[in-house]
Amino acid sequence: NSSTNLQMGKALVRILRNRREVQYVVLTCVNTLAQEHPAIFRNYVSDFYIKGEDPVFNRLLKLEILTAICTPDMSQSILRELQTFVKHGNTTFVAAVVRAVGRIVDADPQSADHCVNGLTHLLSCSNSQKVVGETVVVLRQLLQQNSNMDIKEKLLLQLAKTLVIETDSIEE
């Protein structure tokens, strides 16, 4: 029943304030539950925001949870949170953030234009092949899923410009 689920969600979130090893175990359980019953954790979205001292393994789980519990009403606040991490030094983590942005658009198609703009900017300023590759994959998925022709035209133009710039820099 939903009352028990909400109490369970509240208890798990409270335990998250423990040591990072305990956090990992709890986040793993929360992630599993959030995939099946996301409503349990929607009132606690800010508890899953990534903190600077979070180890990478907890950050990755928090990304999974944030995208699982995302609704159109909370997508903009989650995207603002993710935006702070797109220039993080750990390229594996940044690639995971890019994938998370794609999943946010699945939850809120209205945010596609905003996300395309952010991802194309990331594409033009990232030096990491891993991040650029992941960004291209997510942008391709957004192109395939979105019927808005303005976004498609703008995105294809930006990708062509980026390709020309990259080709020029390789030749030099």
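Further up the page is the structure itself.
Residues numbered from 1 in each chain as written. Predicted model: local features only at pLDDT ≥ 70, side-chain atom pairs only at ≥ 80, totals over all residues. Heavy atoms only, no water.

*Asks:* With reference to specific residues and values, describe the packing of aromatic side chains.
*Replies:* Under the counting rule described, the total for this entry stands at three aromatic pairs. With a centroid separation of 5.4 Å and 85 degrees between ring planes, the pair formed by Tyr24 and Phe57 is classed as edge-to-face. Within this pair, whereas Tyr24 is found in helix H2 (residues 20–36), its partner Phe57 is found in helix H3 (residues 56–69), the two being separated by 33 residues in sequence. Exposure remark for Phe57: the relative accessible area of 38% places this residue in the partly exposed category. One Lys or Arg, Arg59, reaches over the ring of Phe93 and ends 5.3 Å from the middle of that ring. (Phe/Tyr/Trp six-rings, centres within 6.5 Å; stacked < 30°, edge-to-face > 60°. Helix = DSSP H or I, 4+ residues; strand = E, 2+ residues; numbered from the N terminus. Buried < 20%, exposed > 50% of the residue type's maximum accessible area, 1.4 Å probe, protein only. Lys NZ or Arg CZ within 6 Å of the ring centre and 35° of its normal.)

*Asks:* Give me the lowdown on the side chain of Ser128, citing residues and values where you can.
*Replies:* As for its placement among the helices and strands, Ser128 is situated in the loop between helix H6 (112–125) and helix H7 (129–145). On the basis of relative accessibility, which here comes to 16%, the residue Ser128 falls in the buried class. Within polar-contact distance, the side chain of Ser128 engages the backbone nitrogen of Lys130 at 3.3 Å. (Polar contact = N/O pair within 3.5 Å; in protein donor to acceptor, adjacent residues only side chain to side chain.)

*Asks:* So, the layout of surface pockets: which residues are in play, and what are the values?
*Replies:* Of the voids in this model, the largest pocket is the one considered here, and its volume is about 260 Å³. Elements supplying a minimum of two residues to the lining of the largest pocket: helix H4 (75–83) and H6. The biggest single contributor to the lining of the largest pocket is H6, with six residues. Taken together, the residues of the lining of the largest pocket break down into seven nonpolar, four polar and two charged. (1 Å grid on protein atoms, 1.4 Å probe; cavity = no way out; pocket = protein on both sides within 12 Å on 5 of 7 lines; lining within 4 Å. Points joined across faces, edges and corners; volume = space filled by probe spheres on them. Nonpolar A, V, L, I, M, F, W, Y, C, P; charged D, E, K, R; others polar.)

*Asks:* Pulling in residues and values, what's your account of the pattern of salt bridges?
*Replies:* Taken as a whole and judged by the stated rule, the model has four salt bridges. Of the charged contacts in the structure, one is a salt bridge between Asp54 and Lys62, with a shortest N-O distance of 2.7 Å. Lys62 carries the same exposure label as Asp54, and that label is buried. Arg99 is the partner of Glu134 in a salt bridge, and the nearest nitrogen-oxygen pair spans 3.1 Å. Of the two residues, Glu134 sits in helix H7 while Arg99 sits in helix H5 (residues 91–107), which places them 35 residues apart along the sequence. Since its relative accessible area comes to 19%, Glu134 is described here as buried. Residue classification places Arg99 among the partly exposed residues on the basis of a relative accessible area of 34%. (Salt bridge = Lys/Arg side-chain N within 4 Å of Asp/Glu carboxyl O.)

*Asks:* Can you explain the packing of H3 against H5? Please cite residues and give values.
*Replies:* Viewed as axis vectors pointing N to C, H3 and H5 meet at an angle of 5 degrees, and their least axial separation amounts to 9 Å. With respect to H5, the axis of H3 lies roughly parallel. Contacts from Arg59, Leu60, Leu63, Glu64 and Thr67 in H3 reach Phe93, Ala96, Val97, Ala100, Arg103 and Ile104 in H5. (Axes fitted to C-alpha atoms, helices over the stretch in contact; angles between N-to-C directions. Parallel < 35°, antiparallel > 145°, perpendicular 65-115°, else oblique. Contact = heavy atoms within 4.5 Å.)

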